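Here's the letter readout for the chains.
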Amino acid sequence: MTSTSTHSPDIDGAEWNHTSPATADAATTLRRRVRRWAETMDLPDEVTHAIELAGYEALANVVEHAYQPAGRSRSTDGADNPDALTVGGRMTISARRTRTAITVTVTDTGVWHAPSPTPDRNHGLDLIEAISDRLDICGTDHGTQVTIVWTYPAPAAL
Amino acid sequence: MTSGAFVDDNRRPFDTAVEPASSDVPVRVGFNAAGTGYHLAMTDASSASSVHAKAVTTQITHKGPISIVTVDGELDISTIADFAAAARPAAAACNNGLIVDLSGVRFMSSSAITELVRVFEHLPDGASMALVATTGVVVRPVELSGVDRVMSLFDNTSSAAAYIAEHAGTPTSGQEPTR
């Protein structure tokens, strides 16, 4: 479930990824790890912080929205509650550095439960957008992938 | 304290208690610079588990009629319920106002911004709220959210206390007799 590659930070393509249960505590743990990854890149403090914060907001979204909370999957006859199937879902964060950009992706296999009553607004995603150069969200029936990019030479992390 | 949806979407979150810092500008809090409106789309953080509970500590002190919540550690969805449990009652019980000192906060996610708004909404009528922060880790999300237009941001508690004292000059906390 865990794979990490710790190439020298000076080598293009240095990549790191980790998969965990989609829980708040795991999001915190992964946040600290992606910060440590970023710290090996010799980036400005603001960019390192932006990577930690944006990656965390994406993880927090998975925790809060991707999977039906266990307490709510109370189908009486059990079997065919589709939401129940996603209880205990997982999330993966990966961070990759190339010659031109740093890319952080967060993926899940759930379906985002729109935060009512404003399905198209999300505070965390707005924050990601504000501190990164690009934010892409690709959602399908099989999961969601959030891709956050900071480009060189001048990452727009403030 | 309410559970479930934090904010009734049909109402502006800040139209009670205190005038925004610049009252000629419509209060709009949100990270989207285009500002299509403010919506709190966070789930209740109270269900977060407590493995990281010790990652944040809060302390309540008083400076005359001003209450101060001093926060140390990391504010994220794992710890925000602990902060809320301390700060909401402190806000409700304060006299002139509340200072939330975030100088010792090493990380702050958008869930903390959401909770600061909750805390603000617990203030009694006539009380105001100020934040103290010195690091970009806190200042950046606060400023990007625009929440600092409602609860002013300072880099030290003395300035924050002076701001609150100034805004407490009018006796708005007492109900004016109708006749």
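In this text, all values refer to a predicted model and were calculated from it rather than measured experimentally.

1. Quick look at the overall build of chain B
Then step 1. Across its full length, chain B holds four helices and five strands.
Then step 2. Along chain B, from the amino end to the carboxyl end, the secondary structure elements read β-β-α-β-α-β-α-β-α.
Then step 3. Every one of the 179 residues in chain B was classed for burial, and the buried ones make up 50%.
Then step 4. Sequence-distant contacts, at least 24 apart, represent 74% of the contacts inside chain B between residues at least 6 apart.
Then step 5. In the structure as shown, chain B presents an accessible area of about 8000 Å², 50% of it carried by carbon and sulfur atoms.

2. So, the overall build of chain A
Then step 1. On a plain count of helices and strands, chain A comes out with three helices and six strands.
Then step 2. Secondary structure of chain A in N-to-C order comes out as β-β-α-α-β-β-α-β-β.
Then step 3. Within the span of chain A, comprising 158 residues, buried residues form 49% of the whole.
Then step 4. Nonlocal contacts in chain A, meaning residues at least 24 apart in sequence, comprise 64% of its contacts between residues at least 6 apart.
Then step 5. Carbon and sulfur atoms make up 51% of the accessible area of chain A, which amounts to about 7500 Å² in all.

3. Overview of the sheet that holds strand β1 (residues 56–63) of chain B
All names here are of chain B.
Then step 1. Strand order in the open sheet formed by five strands is β1-β2-β3-β4-β5, and the pairing between neighbours is mixed. At either margin of the open sheet sits one strand with a lone partner, and together these are β1 and β5 (152–154). Adjacent strand axes in the sheet meet at a mean angle of 25°, parallel and antiparallel pairs treated alike.
Then step 2. Sheet topology note: the β1/strand β2 (residues 66–75) ladder contains eight bridges and is antiparallel. When the bridges of β2 are listed, T57 appears paired with D72.
Then step 3. Against the sheet, helix α3 (residues 136–145) contacts β3 (97–108), β4 (128–132) and β5, and its axis sits at roughly 120° relative to β3.
Then step 4. With respect to the sheet, helix α4 (residues 157–167) is in contact with β1, β2, β3, β4 and β5, its orientation differing from that of β4 by roughly 170°.

4. Structural notes on helix α3 (residues 123–131) of chain A
Then step 1. Counting buried residues in α3 of chain A gives seven out of nine residues, a clear majority hidden from the surface.
Then step 2. What α3 of chain A keeps buried is the set H123, G124, L125, D126, L127, I128 and I131 of chain A.
Then step 3. The elements touched by buried residues of α3 of chain A are α2 (45–66), β5 (134–140) and β6 (143–151) of chain A together with α2 (110–121) and α3 of chain B.

Conventions used here
- Residues numbered from 1 in each chain as written.
- Chains lettered and ligands numbered in written order.
- Predicted model: local features only at pLDDT ≥ 70, side-chain atom pairs only at ≥ 80, totals over all residues.
- Heavy atoms only, no water.
- Helix = DSSP H or I, 4+ residues; strand = E, 2+ residues; numbered from the N terminus.
- Buried < 20%, exposed > 50% of the residue type's maximum accessible area, 1.4 Å probe, protein only.
- Contact = heavy atoms within 4.5 Å.
- Areas by Shrake-Rupley, 256 points an atom, 1.4 Å probe, with all protein chains shown as cover.
- Pairing = 2+ DSSP bridges.
- Axes fitted to C-alpha atoms, helices over the stretch in contact; angles between N-to-C directions.

Everything listed is a geometric property; what it means functionally is a separate question.
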